[in-house]
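# Reading the structure
Below are the chains, spelled out letter by letter.
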Amino acid sequence: MGFDAVEIITIKRDRGELSTAHIDWVIDAYTRGEVADEQMSALAMAILLNGMNRREIADWTQAMIRSGERMDWSALDRPTADKHSTGGVGDKITLPLAPLVAACGAYVPQLSGRGLGHTGGTLDKLESISGWRASLSNDEMLGVIRTAGAVICAAGTGLAPADKKLYALRDVTGTVESIPLIASSIMSKKIAEGTGSLVLDVKVGSGAFMKNVDNARELARTMVALGTDAGVRTVALLTAMDRPLGRAVGNALEVEEAVEVLAGGGPSDVVDLTVRLAREMLEAAGLPGARDPEEALKDGSAMDAWRCMISAQGGDPDAVLPRAAEFMEITAPESGVLSRLDALGVGVAAWRLGAGRARKEDPVSFGAGITLHAKPGDAVRKGQPLMTLHADETARFERALQALEGAYEVTETADPGLLPLVIDRITA
Ligand code: URA
């Protein structure tokens, strides 16, 4: 049935409910170019302001899935599990997690994205490894999974093309921050990817989309319901993003830290979250009695899976990672406790140093970023290095320093308001 875009925009503008037929038509017509960008942006704004109910969100998600292909892993002889993070600063968890879960017995088909704005992208991080290839055909993906147990690669253009178009439009029309639109965008891609189970890492805090726990919980509940209704066993953790995760922010710096974790070391927050998410993924995949992830980090089997996965995608796991040419140290202004280290400030600073991109066509600097020498709660002495900034040109330091103004604080006592690493767990 054909509709008129203006009629659909008007219903949502006036707080009405869109029918399944309205939603199917508008997503299909927009994908085909029949509904114009200005009409879709008006509709996105009406949705941002007036919301959608659960049935509308489910229909919107299904219509976006139907706009493209749906992947199928039924040829594989083990259950599949995937993880999606809503994005944060220093969030390199996918890198150790995918091979770790593979080493424990599940297959991990992980379709990832690039960074935009202050949050990094998994593909940009992995591309700092010489020779590594993000773009694989479906047959190549199957081959890597069969060889290594896990594959991390770019989502092909055929997966939820309606979302690709709509997400780019939301990015430039101030309509990203809508729970129904974020939930349907993420879940349409994850359901189309064909995973049997999914663990969502919904970040909360200044460096995340969701700045407070209540909004993050609503987003998590919406996504868990969408996944469950589509037959994907889905669970969500709400985790802290009021400070950066780990001690490295930036592409090659984060790969280095991920490899430390796979070697049995690494910062405790990265290790704890990786192990927790791995256990959730194994349980969601129906493998609760699988090998313990902590053991697989210690005995080298997760590292073996990583090396195999990187090699299978053309990368050299022994290659020396790129380093930025210039560095600058920031020291503690006085003695006390580092009580605050704001994730957003650190993320924006790393982005300005060259680790991120402003437009999706921009290149990233692999070596740029920030190494953190102290984390919130640590005692520090006046003059002690707090962080090192890395960039390819010294000219980048000034704007990065501006982003860090007011982003860290040394006080006499620790801040009791820091979020716990894992705040909540949401199930169907
Ligand atoms: N990530 C997505 O894929 N979509 C959104 O809308 C937000 C984050």
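## Things to note about the environment of Gln 402
Here Gln 402 is to be found in helix H16 (residues 397-404). Among the residues examined, Gln 402 registers a relative accessible area of 40% and is labelled partly exposed. Along the primary structure Gln 402 and Lys 12 are separated by 390 residues, whereas in three dimensions their C-alpha atoms are 41 Å apart.

## Remarks on the site of the ligand
Residues in contact with the ligand, as listed here, are Tyr 167, Arg 170, Ile 182, Ser 185, Ile 186, Lys 189 and Phe 209. Here Lys 189 contributes a side-chain N or O atom positioned 2.4 Å from an oxygen atom of the ligand. For the ligand, the protein covers 90% of the area, taking 240 Å² as the surface of the free molecule. Of all the secondary structure elements, the ones that give two or more residues to the shell around the ligand are helix H8 (161-171) and helix H9 (179-192). The element best represented in the shell around the ligand is H9, accounting for 4 residues. A per-class count over the shell around the ligand returns 4 nonpolar, 1 polar and 2 charged.

## Some remarks on unusual backbone geometry
The phi dihedral of Arg 15 is positive, around 65 degrees, even though this residue is not glycine. Relative to the helices and strands, Arg 15 resides in the loop between helix H1 (5-13) and helix H2 (20-31). Positive phi, close to 45 degrees, is recorded for Ala 160, a residue that is not glycine. Following the sequence through the fold, Ala 160 ends up in the loop between strand S3 (150-154) and H8.

## Notes on the packing of aromatic side chains
Scanning the model with the defined rule gives 1 aromatic pair in all. Measuring from centroid to centroid gives 6.2 Å for Phe 3 and Trp 25, while their planes differ by 70 degrees, and the two rings are edge-to-face. Remark: Trp 25 occurs in helix H2 and Phe 3 occurs in the segment before H1; sequence separation between them is 22 residues. Judged on exposure class, the residue Phe 3 and its partner Trp 25 are both buried. The ring of Tyr 107 is capped by Arg 78, whose NZ or CZ atom sits 4.5 Å from the centre of that ring. The ring of Tyr 30 carries the charged tip of Lys 165 above its face, separated from the ring centre by 4.3 Å.

## Regarding the state of the cysteines
Using the criterion set out here, one finds 0 disulfides in the structure. No disulfide involves Cys 104; its sulfur sits 15 Å from the nearest other cysteine sulfur, which is in Cys 308. With no disulfide of its own, Cys 153 lies 15 Å from the sulfur of Cys 308, the closest cysteine sulfur.

## Here we look at the domain arrangement of the chain
Domain parsing of the chain yields domain 1 (5-51), domain 2 (81-318) and domain 3 (326-411). Computed over C-alpha atoms, the centres of domain 2 and domain 3 are 24 Å apart. Taken together, the contacts link 25 residues of domain 2 with 29 residues of domain 3. Summed over both partners, the interface of domain 2 with domain 3 comes to about 1,900 Å²; 58% of that surface belongs to carbon and sulfur atoms. At the boundary of domain 2 and domain 3, one finds 3 salt bridges. Across the salt bridge formed by Arg 357 and Asp 124, the nearest N and O atoms sit 2.9 Å from each other.

## Quick notes on the sheet that holds strand S10 (residues 379-380)
Strand pairs in the sheet, formed through backbone hydrogen bonds, run parallel or antiparallel to each other. What the 3 strands build is an open sheet, ordered S10-S8-S12; its pairing is antiparallel. The sheet is open, and its two edges are formed by S10 and strand S12 (408-411), each paired on a single side. In the sheet, strand S8 (residues 336-341) pairs with S10 via 2 bridges, with the strands oriented antiparallel. By the bridge assignment, Gly 336 is partnered in S10 with Val 380.

## Here's the deal with helix H3 (residues 37-50)
Three- or four-residue spacings in an α-helix give side chains the same orientation, since the helix completes a turn every 3.6 residues. With 14 residues, H3 should reach 20 Å at 1.5 Å per residue; the first-to-last C-alpha distance of 20 Å fits that figure. Of the residues making up H3, those classed as buried are Met 40, Ser 41, Leu 43, Ala 44, Ala 46 and Ile 47. On its buried face, H3 is in contact with H1, H2, helix H4 (54-66), H8 and H9. Two residues or fewer after H3 comes Gly 51, characterised by a positive phi angle close to 75 degrees.

## Section: the sheet that holds strand S7 (residues 326-331)
Taking strand neighbours across the sheet as the criterion, the 4 strands line up as S6-S9-S11-S7 in an open arrangement whose pairing is antiparallel. Each edge of the sheet is formed by a strand with only one pairing partner; in this case those strands are strand S6 (248-249) and S7. Judged from the 4 bridges that link them, strand S9 (residues 369-372) and strand S11 (residues 385-391) form a sheet pairing that is antiparallel. From the neighbouring strand, Gly 369 faces S11, where its bridge partner is His 390. Contacts from helix H15 (residues 343-355) reach S6, S9 and S11, with the element oriented near 135 degrees to S9.

## Quick look at the pairing of S3
Counting buried positions over the 5 residues of S3 gives 5, a clear majority of the element. Taken together, the 5 bridges between strand S2 (residues 108-112) and S3 define a ladder with parallel strand orientation. Each bridged residue has a counterpart across the sheet, and for Leu 111 the counterpart in S3 is Cys 153.

What counts, and where the lines are drawn
Residues numbered from 1 in each chain as written. Predicted model: local features only at pLDDT ≥ 70, side-chain atom pairs only at ≥ 80, totals over all residues. Heavy atoms only, no water. Helix = DSSP H or I, 4+ residues; strand = E, 2+ residues; numbered from the N terminus. Buried < 20%, exposed > 50% of the residue type's maximum accessible area, 1.4 Å probe, protein only. Near = heavy atom within 4 Å. Polar contact = N/O pair within 3.5 Å; in protein donor to acceptor, adjacent residues only side chain to side chain. Areas by Shrake-Rupley, 256 points an atom, 1.4 Å probe, with all protein chains shown as cover. Nonpolar A, V, L, I, M, F, W, Y, C, P; charged D, E, K, R; others polar. Phe/Tyr/Trp six-rings, centres within 6.5 Å; stacked < 30°, edge-to-face > 60°. Lys NZ or Arg CZ within 6 Å of the ring centre and 35° of its normal. Disulfide = S-S within 2.5 Å. Domains from an automatic or database assignment. Contact = heavy atoms within 4.5 Å. Buried area = accessible area lost by both parts, 1.4 Å probe. Salt bridge = Lys/Arg side-chain N within 4 Å of Asp/Glu carboxyl O. Pairing = 2+ DSSP bridges. Expected span 1.5 Å × (residues − 1). Axes fitted to C-alpha atoms, helices over the stretch in contact; angles between N-to-C directions.

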